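So the chains spell out like this:
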Amino acid sequence: MRGESRADIVVYVQAQRWSWKFTYDEAGTEVSTTELVLPIDQRVLFDITSVDIIHSFWVPGFRTKLDAVPGRHTKLYITPDALGDGNIDSTLRVQCAELCGISHATMMAPIRIVSEADFEAWLASIRKEA
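No experiment lies behind these values; they were computed from the predicted model shown.

Focus on helix α1 (residues 116-129)
Right, so step 1: Between its terminal C-alpha atoms α1 stretches 20 Å, which fits the 20 Å expected from 14 residues at 1.5 Å a residue.
Right, so step 2: For α1, the set of buried residues is F119, W122, L123 and I126. Each buried residue of α1 sits inside an arc of 100° when the element is viewed along its axis, so together they form one side. Residues of α1 that are exposed and angled more than 90 degrees away from the buried face: A117 and K128.

Okay, here's the thing in structure tokens:
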């Protein structure tokens, strides 16, 4: 989960009732999205926080869970080693695991794990939209 502090990519995760926001800071260009897309075989650092109350960043398929706390940044490292799509595989999703209010059960976001080329193409398309 933690290991060495080297990361190929950093994803800033922001929780708030009842959604997730993912921010990528690649090549000096910051882009934010509600979709979490990760490149396969690259070490990812999630820098996790919350803007309102305590939430919990839980990904069943990664077997990890870490609190998102207002005013605090928690860190989690993972390296996806298989392609996948959270729209097909329900274990590939970010789900809040801390009871956070009336819409807690809907606080989820699918994860797509793609090739490096597909990740770069996705990032480029997001930059155009921004």
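As for the pattern of salt bridges
A side chain with one charge may pair with a side chain of the opposite charge, provided their charged atoms come close.
Right, so step 1: Following the criterion strictly, the structure yields 3 salt bridges and no others.
Right, so step 2: In this structure, R6 engages D8 in a salt bridge whose closest nitrogen and oxygen atoms are separated by 3.1 Å.
Right, so step 3: Exposure remark for D8: the relative accessible area of 40% places this residue in the partly exposed category.
Right, so step 4: Taking the shortest distance from any N to any O, the salt bridge between R112 and E35 comes out at 3.0 Å. With a gap of 77 residues between them, R112 in strand β11 (residues 108-114) and E35 in the loop between β3 (29-33) and β4 (36-39) connect regions that are remote in the sequence.

Some words on the side chain of R93
Right, so step 1: Along the chain, the position of R93 falls in strand β10 (residues 93-96).
Right, so step 2: Despite being buried, R93 has no salt bridge partner; D89 is the closest side chain of opposite charge, sitting 6.9 Å away.
Right, so step 3: At a separation of 2.2 Å, a polar atom in the side chain of R93 contacts the main-chain carbonyl oxygen of S90.
Right, so step 4: Polar contacts involving the side chain of R93 include one to the side chain of Q95, which spans 3.5 Å.
Right, so step 5: Contact partners of R93, with chain neighbours within four places excluded, come to W58, V59, P60, M108, A109, P110 and I111.

Topic: the packing of aromatic side chains
Right, so step 1: Considering all chains together, one arrives at 5 aromatic pairs under this definition.
Right, so step 2: Measuring from ring centre to ring centre gives 5.0 Å for F46 and F57, while their planes differ by 50°; the resulting arrangement is tilted. Of the two residues, F46 sits in strand β5 (residues 44-50) while F57 sits in strand β6 (residues 55-59), which places them 11 residues apart along the sequence. Assigned by exposure class, F46 and F57 land together as buried.
Right, so step 3: Counting every residue linked through ring pairs, the aromatic cluster contains W20, F46 and F57.
Right, so step 4: Above the ring of W58, the side-chain terminus of R93 is found at 5.5 Å from the ring centroid.

Rules used throughout
- Residues numbered from 1 in each chain as written.
- Predicted model: local features only at pLDDT ≥ 70, side-chain atom pairs only at ≥ 80, totals over all residues.
- Heavy atoms only, no water.
- Helix = DSSP H or I, 4+ residues; strand = E, 2+ residues; numbered from the N terminus.
- Expected span 1.5 Å × (residues − 1).
- Buried < 20%, exposed > 50% of the residue type's maximum accessible area, 1.4 Å probe, protein only.
- Arc of directions from axis to C-beta.
- Salt bridge = Lys/Arg side-chain N within 4 Å of Asp/Glu carboxyl O.
- Lys, Arg positive; Asp, Glu negative; His and termini not counted.
- Polar contact = N/O pair within 3.5 Å; in protein donor to acceptor, adjacent residues only side chain to side chain.
- Contact = heavy atoms within 4.5 Å.
- Phe/Tyr/Trp six-rings, centres within 6.5 Å; stacked < 30°, edge-to-face > 60°.
- Lys NZ or Arg CZ within 6 Å of the ring centre and 35° of its normal.

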